[in-house]
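Analysis of the macromolecular model
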Amino acid sequence: MAEATLRVFRGDSNNGKTIDYRVPVAPGMVVLDALHYIQGYLAPDLAVRWNCKAGKCGSCSAEVNGRPRLTCKTRMDELPQDQPITVLPMKSFPRIKDLVTDVSWNYRVNRKILLSLRAPASNGRSHSSTWTACRSFESASNAFSARTCAMSFANTTRRSSSLARASSFESPASKCIPSTPTTAPAFSRISSASVSATSPNVVPRSVRGDSHHRQRHSSLSKSAWWTNSTIR
Amino acid sequence: MEVGPTCHYMMGGIRVDAETTQSTILGLFAAGEAAAGLHGSNRLGGNSLSDLLVFGRRAGLFAAEYAKRASPASIDSVQIEQAEKELLAPFSSTGAESPYAIHRDLQEVMQNLVGIYRTKEDLQRALVELEKLKALAAKAGVEGSRLFNPGWHLSYDLRAMFIVSEAVTHSALARTESRARTAASTIRISTQSGKRNTTSLSGNPAP
């Protein structure tokens, strides 16, 4: 069986370094499977969050080869196998341990979105329509998943005025990441990684085909800090 | 692509009162997949979502009502110390097997011996295997710190997995051989004649 090397960050909020693990690669395997192999056979204390394994929840986000990805939707055969695959925690969120980051910011924002759904919309009309409320919630949850890109919330004003308020929340990315301008091609690559790479049936309806409504965010730092074997 | 049967929903669970979702332990409420009895022996697709909406609401309502009326629970420090000791034991287990290895063995036993098609011989062998694995699990060791340590969490979850595995196996044995008698061992099977559900009680049953 083919093997791959995963170069995984091991450490806590203060110290850490990457460690290489050899993992057998099976057909159809995704990076999250490889992480689970490491957990099951090589490092039982490897901290990694995951939940749905279906590209919906965003829990398993990590930076794979320097790009924010959902590890459950990142196939091993997409990645070059002749060099180590780097798997690092999302740098837009504070590290807790290994690949697990503090995502409490998401929950705070989520709460604000739910509150704003109950409040009247900025145009004075209340969200009396269940349909509107549902679509707003759907957009909110999609935006939540899109945290993988560490982008700010989608510019969904066309759909929902309540989300316009949500999009004005300050992203932790703007606090934690040195603001480096990103080129448009790089952005579109990342965007496809977290959204379009999912199979058509799991791409959220309101995301499909309107990625131009997403605001670009300055989180995609070009600094190659992950190339250091020790991260401070 | 691998195609095969897999376990993706637990039809069994904690026995609860249908109206309040309270279990036989006062103040313990369960709904959804954690609770038993709603779906019979085969859940139809989509029904677990309506289960959550209906019984999740009841659980919330009655748990809130219970909390309003209940007096503060007394805490037994001896129990707390005992629980703490049990939780931390895997850290001092040296050279023991990883909880993940035991987990894999447990999955294999349950898949091979307590799967879709069951025989009495397989089920009895499963009980023997479960005992062996339980002995291994009791000595399972973990490495690393207490900070977000999945291996440590699994060593604790294994205990619940063994309870469920044993309940499933004993229930399966009880269904094919005898539906209304008590099985030996610490798990007691009680079935009411004419009823479809099988209930397992662990520990020392009340006389």
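Rules used throughout
- Residues numbered from 1 in each chain as written.
- Chains lettered and ligands numbered in written order.
- Predicted model: local features only at pLDDT ≥ 70, side-chain atom pairs only at ≥ 80, totals over all residues.
- Heavy atoms only, no water.
- Buried < 20%, exposed > 50% of the residue type's maximum accessible area, 1.4 Å probe, protein only.
- Helix = DSSP H or I, 4+ residues; strand = E, 2+ residues; numbered from the N terminus.
- Pairing = 2+ DSSP bridges.
- Phe/Tyr/Trp six-rings, centres within 6.5 Å; stacked < 30°, edge-to-face > 60°.
- Lys NZ or Arg CZ within 6 Å of the ring centre and 35° of its normal.
- pLDDT = per-residue confidence, 0-100.
- Contact = heavy atoms within 4.5 Å.

With that settled, consider the pairing of strand β1 (residues 3-11) of chain A. Remember that side chains alternate between the two faces of the sheet whenever the strand is regular. Residues and elements named next belong to chain A. Burial runs high along β1: seven of the nine residues are buried. Alignment of β1 against strand β2 (residues 16-24), held across nine bridges, turns out to be antiparallel. Looking across to β2, one finds that Arg7 is bridged to Asp20. Joining the antiparallel neighbours β1 and β2 is a turn of four residues. Looking at chain direction, β1 and strand β5 (residues 85-88) are connected through three bridges and run parallel. Following the sheet pairing, Arg7 is matched in β5 by Thr86.

In this section: the packing of aromatic side chains. Aromatic ring pairs are defined here through the distance separating the ring centres and the angle between the ring planes. With the rule as written, the count across this model stands at four aromatic pairs over all chains. Here Tyr37 of chain A and Tyr41 of chain A contribute two aromatic rings whose centre-to-centre distance is 4.5 Å and whose plane-to-plane angle is 25°, an arrangement assigned as stacked. Here Tyr37 of chain A pairs with Tyr41 of chain A, and both are found in helix α1 (residues 31-42), just four residues apart, close to one helical turn. Ring geometry for Phe29 of chain B versus Tyr66 of chain B: centroids 6.0 Å apart, planes at 70°, classification edge-to-face. Here Tyr66 of chain B lies in helix α1 (residues 47-69) and Phe29 of chain B lies in the segment before α1, a separation of 37 residues in the sequence. Cation over ring: Lys53 of chain A sits above Trp50 of chain A, and NZ or CZ is 5.0 Å from the ring centre.

Let us now look at the confidence of the model for chain B. Residues and elements named next belong to chain B. With 85% of its residues at a pLDDT of 70 or more, chain B shows a mean pLDDT of 84. Every residue in residues 177-194 scores below 50 in pLDDT, and together they form 37 contacts with partners more than four places removed in sequence or on other chains. For this predicted complex, the interface confidence reaches an ipTM of 0.80, while the overall pTM sits at 0.69.

On to unusual backbone geometry, then. Residue Lys53 of chain A is not a glycine yet carries a positive backbone phi of 55°. Classification of Lys53 of chain A as partly exposed rests on a relative accessible area of 44%. You will see that Phe148 of chain B, though not glycine, has its phi angle at about 30°, which is positive. One can find Phe148 of chain B in the loop between α4 (120-138) and α5 (150-177).

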